[in-house]
Every structure is written in C-alpha cells, then in structure tokens.
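Architecture at a glance
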Amino acid sequence: FVGHKYRSNETRKDIIDTAYMYVCDYPSLANGKIVKDARGGFAAGHWEVQTLTFTDDNNDLYIVTKKTDAATYGLLRIKSGQTTFDPDYFFDLKDYNVFSNNISQVQKLGDGKVYISPFVIDPANKKIVADLRILVGGGESKTTMNFMENGKLYDIFKTDESKWYVYEYDPAKNSVKRGAEIDPGITQVYHLNKLK
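Residues numbered from 1 in each chain as written. Predicted model: local features only at pLDDT ≥ 70, side-chain atom pairs only at ≥ 80, totals over all residues. Heavy atoms only, no water.

Glancing now at the pattern of salt bridges. Inspection of every chain in the model, using the stated rule, returns seven salt bridges. For Asp-86, the salt bridge is made with Arg-77, and the minimal N-O distance between the two is 2.7 Å. The pair Asp-86 / Arg-77 is uniform in exposure class, with both members buried. The residue Lys-177 makes a salt bridge to Glu-168 at a minimum N-O spacing of 3.8 Å. Connected via shared salt-bridge partners are Asp-131, Arg-133 and Glu-140. (Salt bridge = Lys/Arg side-chain N within 4 Å of Asp/Glu carboxyl O. Buried < 20%, exposed > 50% of the residue type's maximum accessible area, 1.4 Å probe, protein only.)

Written as structure tokens, this is what we have:
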C-alpha cells in the first residue's frame, strides 16, 4: 500500500514531504508495518489515476516521489523480498524535466527500461536512455495517460510548431514514428486510449 500526501484543510497546501508505505504479507495481510523515507518527498500520484509505482525485471518495486517545495521528482526502491526502502538507492530526477506538463502514466517498456514522460529511463542503473522530445524533433508530451501495445509505446506530443501528433515509440530500436495529427483547435489531450 502506498500512502500519499496530506494537505491542510485551511491552506490546501502540502504539509508533509515524506513517502509512506504499508508493507505486509500477501494475501494474509499479516506482519504489517509502515515504512517511510523523506529523501524524495511524498509518494506521487495522489490526485491521478495513473500508475506511479512499478516493478522491474527483478521484481524490485519503484515508487515515484515528488518534493513539494521544488516540484521535482525522484525514485525510491524496495528490493524484491525486502520490506524497507533501499537505503543505498535514490534516483534524483530534479535535473530532468520529467512530467514537464502533466503527470503521465509510467510505462514499463521491458529490458529494464521504463517511460517516465518524456524520458526513457533505466531505473536500476539510474540512467536516462532517451529523451523522446529529441526523437520527435522537439515539443512536449501532452497527455496524462499513454499506452503500450505489442511492445510499442503510444503518446501524444505537441511540437514546437504547435502541432499535435500521436507518436509510436519502439524501445527495441529507440526510434519514433509519427502518426495521426490532431485537430489544431484542440488545446489538451487528457488520455490516449485504444478503443478496439
């Protein structure tokens, strides 16, 4: 269980900057305990429907965190089989403009990589693999939810020329392909979903 942040009822501002998790046996829910870590701020995703926790190929659990004062993100980790935050791991993303415009769905891409908009990241090794803004030729990711199908990521970017396109990212080739253009009268694309 991931605990999210608390806000003041009076000021509506954040009043904690610590990530909380409740860890217990499953499915019995026995032996539960609360663990916390303040290195990256609170566990992100309190308002959103997006998934901001994920497991890697080793079943290590990663939690996206956010600092209130600086609006910067990071990653905490609980290693597979452990019940506390890894004291030797914190991937500080403050120097990267992740979630530059919106909180976007974190997508596992396979082969140890994840997409945290607009970057492809190798979380285990704390590396940025690719910046999709560069691959699409400039612009910003403009969705709060993207999706994966057949090993490919689909997301929408608003280019530097203010045109909106759906892009397909192939993690195996580290390449993008531009798809449909969205009507220029649109000012926000909230979700990108497959209908059939």
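On we go from here.
Here four strands make up an open sheet; going across it, the order is E9-E10-E11-E12 and the pairing antiparallel. The open sheet has two free edges, formed respectively by strand E9 (107-110) and strand E12 (127-131), since each of these has just one partner strand. Averaged over all pairs of adjacent strands, the angle between their axes in this sheet comes to 30°, without regard to strand direction. Relative to E12, strand E11 (residues 119-122) is paired through four bridges, and the arrangement is antiparallel. Looking at the pairing, Val-120 lines up with Ala-130 of E12. (Pairing = 2+ DSSP bridges. Helix = DSSP H or I, 4+ residues; strand = E, 2+ residues; numbered from the N terminus. Axes fitted to C-alpha atoms, helices over the stretch in contact; angles between N-to-C directions.)

Along the chain, the position of Arg-77 falls in strand E7 (residues 72-78). A residue is classified by how much of its surface remains accessible, and Arg-77, at 10% relative accessible area, is buried. Reaching out from Arg-77, the side chain makes a polar contact with the side chain of Tyr-62 at a distance of 3.5 Å. In this structure the side chain of Arg-77 is engaged in a polar contact, spanning 2.7 Å, whose partner is the side chain of Asp-86. For Arg-77, the contacting residues outside a window of four places in its chain are Asp-60, Leu-61, Tyr-62, Thr-84, Phe-85, Asp-86, Tyr-89 and Ala-124. (Polar contact = N/O pair within 3.5 Å; in protein donor to acceptor, adjacent residues only side chain to side chain. Contact = heavy atoms within 4.5 Å.)

Our focus in this paragraph is the pairing of E9. Residues Gln-107 and Leu-109 line the buried face of E9, whereas the alternating positions Lys-108 and Gly-110 sit on a face that is not buried. With three bridges connecting them, E9 and strand E10 (residues 113-116) associate as antiparallel partners. Counted as the bridge partner of Gln-107 is Tyr-115 from E10.

By size, the foremost hydrophobic cluster in this structure holds 16 residues, and its most contacted members are Val-64, Leu-75, Ile-116 and Ile-121. Those elements that place two or more of their residues in this core are strand E6 (61-67), E7, E10 and E11. Ranked by size, the runner-up nonpolar core spans eleven residues in total, among them Tyr-115, Val-120, Ala-130 and Tyr-169. (Core = buried A, V, L, I, M, F, W, Y, C linked by side-chain atoms within 4.5 Å.)

Right, let's talk about the pairing of E10 for a bit. Side chains Lys-113 and Tyr-115 project from E10 onto one buried face, and the interleaved Val-114 and Ile-116 project onto a second face that is buried too. Connecting E9 to the antiparallel partner E10 that follows it, the hairpin turn spans two residues, and Asp-111 within it adopts a positive phi of roughly 55°. When E10 meets E11, the two strands line up antiparallel, connected through three bridges. What sits directly across from Ile-116, in E11, is Phe-119. Taking the residues between adjacent antiparallel strands as the criterion, E10 and E11 are bridged by two residues.

Once that is clear, we can look at the environment of Ala-43. Here Ala-43 lies in strand E4 (residues 42-43). We classify Ala-43 as buried; its relative accessible area is 1%. When the C-alpha positions of Ala-43 and Tyr-73 are compared, they lie 9.6 Å apart, and in sequence the two are 30 residues distant.

Evaluated as defined, the whole model comprises six aromatic pairs. Measuring from centroid to centroid gives 5.1 Å for Phe-147 and Tyr-154, while their planes differ by 20°, and the two rings are stacked. A relative accessible area of 17% places Phe-147 in the buried class. Under the relative-accessibility criterion, Tyr-154 is labelled buried at 17%. Where Phe-157 meets Tyr-167, the ring centres are 5.9 Å apart and the plane angle is 90°; that geometry is what we call edge-to-face. Of this pair, Phe-157 sits in strand E15 (residues 152-158) while Tyr-167 is found in strand E16 (residues 164-170), placing the two residues ten residues apart along the sequence. Comparing Phe-157 with Tyr-167 shows no difference in burial state: the two are buried. (Phe/Tyr/Trp six-rings, centres within 6.5 Å; stacked < 30°, edge-to-face > 60°.)

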